[in-house]
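Listed below, chain by chain, are the residues.
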Amino acid sequence: MENRLPLIAANWKMHKTIGEAVSFTEDLQKETAPSVDREVVIAPPFTALDAVRRTISRPDFKLAAQNCHCEEQGAFTGEISAVMLKDAGCDYAIIGHSERRHLFGETDDMVHRKLVAVFRHGMVPILCVGETLEQREDGSTFKVVDAQVQQAVLGLNPQEARLLVIAYEPVWAIGTGKTATPGQAQEVHAFIRERYGALCDKSVANATRILYGGSVKPDNVDSLMDQPDIDGLLVGGASLEVNSFKRIVQFKTTKK
Ligand code: PEP
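The sections below set out a description of the structure shown in this document. All residue numbers refer to positions counted from 1 along the written sequence of the respective chain. Under the rules for a predicted model, residues below a pLDDT of 70 receive no local features and side-chain atom pairs below 80 are neither given nor counted, while totals for whole chains, interfaces and linings still include all residues. Side-chain numbers here rest on the full set of heavy atoms in the structure, without hydrogens or water.

**Remarks on the layout of surface pockets**
- The way it works is a 1 Å grid over only the protein atoms, where trapped points that fit a 1.4 Å probe form a cavity and open points with protein on both sides within 12 Å along at least five of seven lines form a pocket, and then any residue with an atom within 4 Å of a point lines it. Grid points are joined across faces, edges and corners, and a volume is the space filled by probe spheres set on the points. Its volume calculated, the largest pocket comes out at about 440 Å³.
- Together, 18 residues line the largest pocket, and K13, M14, Q66, R100 and F104 are the ones closest to its centre.
- Nonpolar residues are Ala, Val, Leu, Ile, Met, Phe, Trp, Tyr, Cys and Pro. Charged residues are Asp, Glu, Lys and Arg, and all others, Gly as well, are polar. Partitioning the lining of the largest pocket into residue classes produces nine nonpolar, five polar and four charged.

Here you go:
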């Protein structure tokens, strides 16, 4: 198997003041040993990006934005561009999260344009894809996920294609307490890798990290991370408390 560095990301959504974000980051760094075999990514709200960047003191901790506008600047009240996120010290930006798609009407085309903007400014997108409950029940999971990935990655060069992080997040599992079983998640991850390989190149797809997201908790983290095609996790609710996120960061796996 390719050597894919596990990536564990905390998506705080619209939670935490600057002070709370800083003390969480300090505590997590104190309570975990620096590691070369995993990467921890913190995605605070925009207001806390700079403060969290200043608090990060280890190379295994990285900073992510939760969203990004596709234009560089202009009359887009309330939006933040990739130029600004790079300036704030972001390494990654989460793009196409299901809450952005479903609550804020983001289309596949918008997701594609944001992804291009993030790469253009030297950051790495974490592209979220995933089916709704209705789509799972009517048997269209693979079709939906395949279309979301294909449209998002149009025109990427080989280096970008290799760097891209994909997060499979079944919408029915996000914030619901219902986790996909490790088998269900593995099945979709393997499918995404195979299709991504057909789209770009097999060796690129073998090096691409595919994260799982959807009600990840301390008690299911190890079985998820044991799956051969699950290379990390995107964690919402359970990333808000240091103790639960610490256990997730310290996942144990027998995977070689
Ligand atoms: C998410 O926000 O991407 C997520 C997976 O949330 P939760 O872990 O709360 O389901």
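Alright, that's what it looks like, and here's the rest.
**Let's talk about the site of the ligand**
- Near is defined per residue: the residue qualifies when any heavy atom it owns lies within 4 Å of the molecule or strand. Among the 14 residues in the neighbourhood of the ligand, the closest are listed as K13, E169, G175, S215 and G236.
- Note that an oxygen atom of the ligand is positioned 2.7 Å from one of the side-chain N or O atoms of E169.
- The separation between an oxygen atom of the ligand and a polar main-chain atom of G236 is 2.8 Å.
- Within the shell around the ligand, the residues separate by chemical class into four nonpolar, eight polar and two charged. Whenever a nitrogen or oxygen atom comes within 3.5 Å of another N or O atom, the pair is scored as a polar contact, on the condition that within protein one atom can donate a hydrogen and the other can accept it, and that pairs from neighbouring residues in sequence are kept only if both atoms are in side chains.

**Some remarks on the pattern of salt bridges**
- Any carboxyl oxygen of Asp or Glu within 4 Å of a side-chain nitrogen of Lys or Arg constitutes a salt bridge here. Under the defined criterion, the tally for this structure stands at 20 salt bridges.
- With a closest N to O distance of 3.0 Å, K62 and E39 form a salt bridge. Of this pair, K62 sits in strand 3 (residues 61-65) while E39 sits in strand 2 (residues 39-43); the two residues are 23 residues apart in sequence, bridging distant segments of the chain.
- Note on exposure labels: buried denotes an accessible area under 20% of the residue type's maximum, exposed denotes more than 50%, and partly exposed covers the range between, all computed with a 1.4 Å probe on protein chains only. When its relative accessible area of 6% is taken as the criterion, E39 is described as buried.
- Linking D231 and R193 is a salt bridge whose minimum nitrogen-to-oxygen distance equals 2.7 Å. Taken together, the residues span a long stretch of sequence, with D231 in the loop between helix 11 (221-225) and strand 8 (232-235) and R193 in helix 9 (residues 182-199) at a distance of 38 residues.
- By relative accessible area, which is 7% here, R193 ends up buried.
- The network of salt bridges with shared partners includes R4, R193, D229 and D231. Numbered from the N terminus, helices here are DSSP runs of H or I no shorter than four residues, and strands are runs of E no shorter than two.

**Notes on the environment of E241**
- By the secondary structure assignment, E241 is in the loop between strand 8 and helix 12 (242-249).
- Classification of E241 as exposed rests on a relative accessible area of 54%.
- Between the C-alpha atoms of E241 and P59, which are 182 residues apart in sequence, the distance is 22 Å.

**A word on the packing of aromatic side chains**
- Each Phe, Tyr or Trp ring (for Trp, its six-membered ring) is paired with any other whose centre lies within 6.5 Å, and the angle between the two planes then decides the class: stacked below 30 degrees, edge-to-face above 60, tilted in between. If you walk through the whole model with that rule in mind, you get four aromatic pairs.
- With centroids separated by 4.8 Å and ring planes inclined at 75°, the aromatic side chains of W12 and F24 adopt a geometry described as edge-to-face. Note that W12 is positioned in the loop between strand 1 (7-11) and helix 1 (18-31) and F24 in helix 1, a separation of twelve residues in sequence. The two residues W12 and F24 agree in class, both being buried.
- Relative accessible area serves as the criterion here: at 3%, F24 is assigned to the buried category.
- Each residue in the set W12, F24 and F245 is aromatic and connected to the rest through ring pairs, giving one cluster.
- Counting as a charge over the ring demands two things of the Lys NZ or Arg CZ atom: a distance within 6 Å of the ring centre and an angle within 35 degrees of the ring normal. Sitting above the plane of the W12 ring, K16 keeps its charged end 5.2 Å from the centroid.
- The ring of F251 carries R38 above its face, with NZ or CZ at 3.9 Å from the centroid.

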